[in-house]
Amino acid sequence: MTASPLAVVADAVSLRSPILDFDADALLVVAHRGSWVEAPENSLLAIRDAVRLGVGMVEIDTRRAADGAFMVIHDRTLDRTTEATGPVDALDGAAMGRLRLRRSGGGKTMPLTEERVPTLFDALEEARGRVLVNIDTKSVAELPAVAREVLRGGFGAGVLVKAELSPADLGKLPADHPAFGPLPFMPVIRSAKGRFAADLSALAPLRPFMIEACPYDADDLEAGMEVVREMGTRLWINTLDVAHMAHFNDAAARLDADGVWGRLIDIGVRAIQTDESEALTAYLAKRGCASARL
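A brief report on the enclosed structure follows. (Residues numbered from 1 in each chain as written. Predicted model: local features only at pLDDT ≥ 70, side-chain atom pairs only at ≥ 80, totals over all residues. Heavy atoms only, no water.)

## Regarding the pattern of salt bridges
This structure, assessed with the given rule, holds 25 salt bridges. With its nearest N and O atoms 2.5 Å apart, the salt bridge here joins D266 to R287. Linking D266 in helix α10 (residues 257-267) with R287 in helix α11 (residues 277-287), this pair joins segments that are 21 residues apart in sequence. Within the structure, one salt-bridge network assembled from shared partners comprises R33, E41, D61, D75, R80, D136 and K138. (Salt bridge = Lys/Arg side-chain N within 4 Å of Asp/Glu carboxyl O. Helix = DSSP H or I, 4+ residues; strand = E, 2+ residues; numbered from the N terminus.)

Structure, rendered in structure tokens:
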């Protein structure tokens, strides 16, 4: 007989990890694609720089090369961040691993560095025991293969996997899908105006310890916090400049940290993904707010 999703979740919860054991009031600072102010995004150097800054987690992206190897790169193409052009899946992992990365966020005007496109395995090895890792998979369908790669390397205790998952799609997942364990899984939801609280409630069968959320605005965020507390989950909000919730971005935080990061913390957000890791960690120290980390 196939185990129920909740039974699988109960088994997964027994696999304790630092990701599951943070103090409820500590804020998890997440360095988006590592710390890439100077280092190339998604590089081993970006991970090392994030460790130096004392963040709790680095977020990295993974895509498969032509031979199925998992490489750490965000875009579908090589154009923006490497010296090459064309689709990621046109090269095998060995060829991609020889490509030099462009500094910072890339683009043709950025100089090439000696950093190369890392494999997922090498990125996780770089982070092991030093900083937690969030792996951004590009679809729920990729989770089984990503989970196998993580567990093959013995990285499970320091890794959180995520994928966008609508409430409607949740009901279509089989009971043995990796969204239910054994690795900690974080669903990503994007909510239309007025839908945030309902979307959160629909994720209850996952019993998620953390949810990456994109509410429409601060009013919707506040309206959903009662559901967050009832679920006993941690809420992750992005303040990236490309994001997600009006007026709550890194550019605004540079001018008014209290009005952006401070307000999110006051509302009850306990994980913030940012491209301003150094500024956010400094703000937490000034505020006297505990930072979640290894």
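## Structural notes on the environment of V260
On the secondary structure map, V260 appears in helix α10. Residue V260 is classed as buried on the basis of its relative accessible area, which comes to 2%. A C-alpha to C-alpha distance of 8.3 Å links V260 and T239, two positions 21 residues apart in sequence. (Buried < 20%, exposed > 50% of the residue type's maximum accessible area, 1.4 Å probe, protein only.)

## Some points on the pairing of strand β1 (residues 27-32)
With six of six residues buried, β1 is to be regarded as a mostly interior element. Burial of the side chains of β1 extends over both faces: L27, V29 and A31 are buried on one face and L28, V30 and H32 on the other. Judged from the four bridges that link them, β1 and strand β11 (residues 271-274) form a sheet pairing that is parallel. Paired with L28 across the strands is A271, a residue of β11. Two strands pair when backbone bridges link them, and β1 and strand β2 (residues 57-64) are joined in this way by three bridges, in the parallel orientation. Paired with A31 across the strands is V58, a residue of β2. (Pairing = 2+ DSSP bridges.)

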